[in-house]
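The primary structure of each chain is shown beneath.
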Amino acid sequence: MIDALNSATTTALERRLVRAALLGSAFGAFMLGGLCAASAQTVTVWSGYPEMAPFYEHVAQGLKAKNPNLNVKVEAIALREHEKRIALGLTSGVAGATVIELQGSTVRRYIENDLLPKAPDAVANFVKEKANFDEFFTSNASFEGAVYGVPLFRGQAALYYNTDMFKEAGLSTPPKTMEEYTQYAEKLTKRGADGNPTVSGWSLRLTGGGQGIAEKFWINLFQYGGSVLEPTADGKWRANYANEAGRATLKQYLQNVHVLKTVTPEMPADAEAFERGQTAMFIRESWVIGDIASKAPNLTYATAPLPRGSIALPTNLYVKAEGADAKAAWDFVMATNEPENLTWLLKNVGWLPNRSGVDYSSVTSTSPAFGAFVNYPKDYKFFTLPSIGPIEEVLTRLAAQLTNAFRNASLAKDDTAIDAFLKSAADETNQILRREGLLGK
Amino acid sequence: MFALLALLPTLAIFAFVRIYPIGDTLRLSLHKWDILSKNKPFIGFANFEELASDPLFREALLNTTIIAFGVLLITIPLALVLAALIYHRTRSRLAGFYEAAIFIPHVVSLVPAAMAWKWIFDARLGPLNALLTSVGFAPRSWLFDPVLSVLCVIVLCSWQALGYAVIIYLVGFKSLPTSLYEAAELDGASAPQRFWHLSVPLLKPITLYVSVVTLVSGFNVYAQAFVLASDAQGAPGRQVRVLVLDMLENSFRNYRVGYAASEAVVLLGIVLILTLVQFRMLREKGRS
């Protein structure tokens, strides 16, 4: 009886155990499945350059082999919208792992306000390694000695010129001095029966989005030895264009627009005009090479370094994420800097990678237009925008002033009026710096 | 009590989406409120003092005022005349067609409409210059000349505002007492006399409503100016700087939300004053 009872109890117990085991297994399998699903990570890339989207997708494809669960979402929008997205996104909180592409000059205010974290040690060591990056790029991605971002690419300017138009005008070499730029522009301009230009000799940035006008002005100003802002001994900044260099630069714009009429604000401009044969030469960054390859592959053109030096605007990648998400995001950032990916970037997008020690010859040998960007004279100088909070405001307001000046024909032959204009604009720049406590002595 | 309770949800939503933002904008305007900075100190009226000497704000304010009044001056008389013509002259089935044709621009999406007008005003390829040159006039740089580009925005805004004003006036015409017109006709008043001495005074409340709405929307002009006169490389520059554009730039480009809020307060003040003045003027005229 007892045995029977024991046997019955044992059977019931066994049954319960089997049921529990089955339930446990099912629950375990469910949990495991859940864990597998949870291990699938999504990294979102915020880019301000739509042409960079294929690059990030290419990097993501490469990572698939190593990490099949990694899902990379690229959100590339126009630069100004991208900047707004970052400002609102970082202040209101970003969900998940986000890789943020940002210019070094813009990022400082985010770091100062603890809105972006430092890079992990392994990443920081990679960036600090001299064999990987020039000091210029390392410091651009750092703040107070700590690395926050990984340098990726830079905007650097050079002259693009239509070789057929040069030949037609009897010109065999690119201009080497700023004086020659105007002389060449005059020879290269094509005019209609009414004398108005139909093809501009030199497409100057006279209109368009605000900051770009001031940046392009700064590039030309730099060739004359000036700069929009200069650092002062007390570690601050002041305007540096109400001077001889500023006068020469503005006068050159005005002379081309109003006196020689080699270009007008209404004319098609920039890369688009160059690709359509509506301008003979213009100054722009290396991405135009990729743009020409896709939109005007039969265009005959060459590039040349600028007389004294160029702007160099480094763009870095930063991460906003925590824990495992952060690791996945930094892994993605590091993958963007792998030599194979950087070569792909140069070849297919055209932006110049910042990493040293990578052999880019497979690209530069087949696309000679990159020559001016990588093979520049030894004494070639570079400048960049200062990493200060109000840099965009300084440039946007200067651009508004310049747009008015470019329209003002009465300034063209009046040096006193040009000086007065430059002084007024520089006062406004200094006023912005003073308001932010950044005006140096 | 029941009515108040029934209205409560609507009032709460209104307070949340309308009243609270206005109050908060007033608060922000008195602070150095940077989006990114943790420190947002109270600075009193410093933002307003800076506005007074800001050339971009002055330019934006002037342009916005010119556009708002320009649109008002074009829209009101034109809408009144068109509504009168449609109401009195077109007894046929075509009246509906005219109403629809005039109203369509008001419901067309702003950006595509502005893009179409941008093409019309294009200095090289636009039909406007083609028309001008075909009759012997010199082509003009419509979107590059600062004065002409403001005029272009006025034309575009008036084109869009006209349909709405005409429809409102038509409603007004339909509500006017026919006996007065019959009496005037018997007294030998001509159609223009009936329009001027009967329709115009009787439609004053409609005129008040339409002019307030037109002026307020004129002061809020943004997309039309932005699309017409900016922004891609090689496109016309920001010749038409308007208040809303300046606010947007100060908020999300320069991150100076407090400063932009002080601009918004000035805009609110202007619209409020103009609306009160219009109400007062028309009320006094009504009494007299």
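Remember, it's a predicted structure, so these values are computed and weren't measured experimentally.

Asks: If you had to explain the overall build of chain A to someone new, which residues and values would you point to?
Replies: Along its length, chain A carries 18 helices and 15 strands. Put simply, chain A has 441 residues, and 52% of those count as buried. Counting contacts in chain A only where the partners sit at least 6 residues apart, residues at least 24 apart contribute 75% of the total. For chain A, the exposed surface amounts to about 19,300 Å²; the carbon and sulfur share of it is 54%. Of the side-chain charges in chain A, 44 are positive and 46 negative, and the distance between the mean point of each set is 1 Å.

Asks: Could you give an account of the interface of chain B and chain A, naming the residues involved and the relevant values?
Replies: Taken together, the contacts link 32 residues of chain B with 34 residues of chain A. When the two sides are added together, the surface that chain B and chain A hide from each other amounts to roughly 2,900 Å², 49% of it contributed by carbon and sulfur. Linking chain B with chain A are 5 salt bridges, by the criterion used here. Of the charged contacts in the structure, one is a salt bridge between A:Asp114 and B:Lys38, with a shortest N-O distance of 2.8 Å. Inspection of the region where chain B meets chain A yields 8 residue pairs in polar contact (both at pLDDT 80 or more). Among the secondary structure elements, those contributing two or more residues to the side of chain B that touches chain A are α3 (55–89) and α12 (243–252) of chain B. Counting residues per element, the side of chain B that touches chain A draws most heavily on α12(B), which supplies 4 residues. Looking at the side of chain B that touches chain A residue by residue, the classes come out as 14 nonpolar, 8 polar and 10 charged.

Asks: Give me the environment of B:Leu132: which residues, what numbers.
Replies: All names here are of chain B. Within the secondary structure, Leu-132 is located in helix α6 (residues 127–134). C-alpha of Leu-132 to C-alpha of Leu-202: the two residues are 70 residues apart in sequence and 41 Å apart in space. Ignoring sequence-local partners within four residues, the contact set of Leu-132 consists of Phe-137, Ala-138, Arg-140 and Trp-142.

Asks: Which residues make up helix α18 (residues 415–435) of chain A, and what values go with them?
Replies: Residues and elements named next belong to chain A. The terminal C-alpha atoms of α18 lie 30 Å apart, and with 21 residues this matches the ideal 30 Å at 1.5 Å per residue to within 8%. Here α18 has its buried residues at Ile-418, Phe-421, Leu-422, Ala-425, Ala-426, Glu-428, Thr-429, Asn-430, Ile-432 and Leu-433. Positive backbone phi, approximately 70°, marks Gly-437, located one or two places after α18.

Asks: Which residues make up the domain arrangement of chain A, and what are the values?
Replies: Note on interface size: it is often stated as the accessible area lost on association of the parts. Residues and elements named next belong to chain A. One can read the domain layout of chain A as domain 1 (41–153 + 313–374) and domain 2 (156–311 + 383–436). Its C-alpha centre places domain 1 at a distance of 29 Å from the equivalent point of domain 2. Facing 18 residues of domain 1, the contacting portion of domain 2 comprises 26 residues. At the boundary of domain 1 with domain 2, total buried surface from both sides reaches about 1,800 Å², with 59% on carbon and sulfur atoms. Contact with domain 2 buries surface across domain 1, with Ser-105, Leu-313 and Phe-373 losing the most and accounting together for 34% of the total.

Asks: Outline the pairing of strand β3 (residues 97–103) of chain A, supporting the account with residue identities and numerical values.
Replies: All names here are of chain A. Most of β3 is tucked away: 7 of the 7 residues are buried. In β3, alternate side chains face the same way, and those of Ala-97, Val-99, Glu-101 and Gln-103 on one face and Thr-98, Ile-100 and Leu-102 on the other are all buried. Two elements, β3 and strand β13 (residues 309–320), share 6 bridges in a ladder whose sense is antiparallel. Looking across to β13, one finds that Ile-100 is bridged to Tyr-318.

Asks: I'd love a proper account of the confidence of the model for chain B, names of residues and values included.
Replies: All names here are of chain B. Of the residues in chain B, 93% have a pLDDT of 70 or more, and the chain-wide mean is 88. Averaged pLDDT values for the elements of chain B fall to 84 in helix α4 (residues 94–107) and rise to 95 in helix α2 (residues 46–52). Predicted complex, confidence summary: ipTM 0.77, pTM 0.81.

Asks: Tell me about the packing of aromatic side chains, and please be specific about residues and values.
Replies: Tallying each qualifying case throughout the model produces 34 aromatic pairs over all chains. Aromatic side chains B:Phe16 and B:Tyr20 sit 6.4 Å apart centroid to centroid with 5° between the ring planes, which places their arrangement in the stacked category. On the criterion of helical spacing, the pair formed by B:Phe16 and B:Tyr20 is a turn pair, its members being 4 residues apart in helix α1 (residues 2–28). One exposure class covers both B:Phe16 and B:Tyr20, and it is exposed. Considering the side-chain rings of B:Tyr87 and B:Phe173, the 5.6 Å spacing of their centres and the 20° angle between planes classify their relative orientation as stacked. Note that B:Tyr87 is positioned in helix α3 and B:Phe173 in helix α7 (residues 146–175), a separation of 86 residues in sequence. The exposure class assigned to B:Phe173 is buried, which follows from its relative accessible area of 1%. Within the aromatic cluster, the residues linked to one another by ring pairs are A:Tyr160, A:Phe274, A:Phe282, A:Tyr301 and A:Phe373.

Asks: So what's going on with the side chain of B:Asn63? Which residues, and what values?
Replies: Structurally, B:Asn63 can be placed in helix α3. Reaching out from B:Asn63, the side chain makes a polar contact with the backbone oxygen of B:Arg241 at a distance of 3.1 Å.

Asks: Got a sec to walk through the pairing of β13(A)? Specific residues and values, please.
Replies: Residue and element names in this part refer to chain A. Of all 12 residues that make up β13, 11 are buried, and the element is covered over most of its length. The pairing of strand β6 (residues 150–162) with β13 spans 6 bridges and is antiparallel. Paired with Arg-154 across the two strands is Pro-314, which belongs to β13. Judged from the 3 bridges that link them, β13 and strand β15 (residues 381–383) form a sheet pairing that is parallel. Among the inter-strand pairings, Gly-309 is bridged to a residue of β15, identified as Lys-381.

Asks: Residues and numbers for unusual backbone geometry, please.
Replies: Phi is positive for A:Lys261, which is not a glycine, with a value near 50°. Summarising the element assignment, A:Lys261 is placed in the loop between α10 (244–259) and α11 (270–275).

Asks: Residue-level account of the state of the cysteines, with values.
Replies: Residues and elements named next belong to chain B. For the structure on display, the rule yields 0 disulfides over all chains. Cysteine Cys-152 shares no disulfide, and the gap to the nearest cysteine sulfur, in Cys-157, comes to 11 Å. Here Cys-152 falls in the buried class, since its relative accessible area comes to 1%.

Asks: Kindly report on the pattern of salt bridges, identifying the contributing residues and their values.
Replies: One pass over the full model with this rule turns up 32 salt bridges over all chains. Put simply, A:Lys66 and A:Glu338 hold a salt bridge, and the shortest N to O gap is 3.7 Å. Taken together, the positions of A:Lys66 in helix α2 (residues 53–66) and A:Glu338 in the loop between α13 (323–336) and α14 (339–348) put the pair 272 residues apart, joining distant regions of the chain. Relative accessible area serves as the criterion here: at 63%, A:Lys66 is assigned to the exposed category. A salt bridge links B:Arg253 to A:Glu83; its shortest N-O distance comes to 2.5 Å. Of the two residues, B:Arg253 is situated in the loop between α12 and α13 (257–287) and A:Glu83 in helix α3 (residues 79–92); the pairing between them involves two chains. Using a relative accessible area of 11% as the deciding quantity, one classes B:Arg253 as buried. Here the residues in one salt-bridge network are A:Glu393, A:Arg397, A:Glu428, A:Arg435, A:Glu436, B:Glu50, B:Asp54 and B:Arg256, joined through shared partners.

Asks: I'd like a rundown of the nonpolar core, residues and numbers included.
Replies: Membership of the largest hydrophobic core comes to 61 residues, with the highest contact counts inside it found for A:Val228, A:Tyr241, A:Leu250 and A:Met281. Top contributing element to this core by residue count: helix α17 (residues 391–407) of chain A, with 8 residues.

Conventions we followed
- Residues numbered from 1 in each chain as written.
- Chains lettered and ligands numbered in written order.
- Predicted model: local features only at pLDDT ≥ 70, side-chain atom pairs only at ≥ 80, totals over all residues.
- Heavy atoms only, no water.
- Helix = DSSP H or I, 4+ residues; strand = E, 2+ residues; numbered from the N terminus.
- Buried < 20%, exposed > 50% of the residue type's maximum accessible area, 1.4 Å probe, protein only.
- Contact = heavy atoms within 4.5 Å.
- Areas by Shrake-Rupley, 256 points an atom, 1.4 Å probe, with all protein chains shown as cover.
- Lys, Arg positive; Asp, Glu negative; His and termini not counted.
- Charge placed at Lys NZ, Arg CZ, Asp CG, Glu CD.
- Buried area = accessible area lost by both parts, 1.4 Å probe.
- Salt bridge = Lys/Arg side-chain N within 4 Å of Asp/Glu carboxyl O.
- Polar contact = N/O pair within 3.5 Å; in protein donor to acceptor, adjacent residues only side chain to side chain.
- Nonpolar A, V, L, I, M, F, W, Y, C, P; charged D, E, K, R; others polar.
- Expected span 1.5 Å × (residues − 1).
- Domains from an automatic or database assignment.
- Pairing = 2+ DSSP bridges.
- pLDDT = per-residue confidence, 0-100.
- Phe/Tyr/Trp six-rings, centres within 6.5 Å; stacked < 30°, edge-to-face > 60°.
- Disulfide = S-S within 2.5 Å.
- Core = buried A, V, L, I, M, F, W, Y, C linked by side-chain atoms within 4.5 Å.

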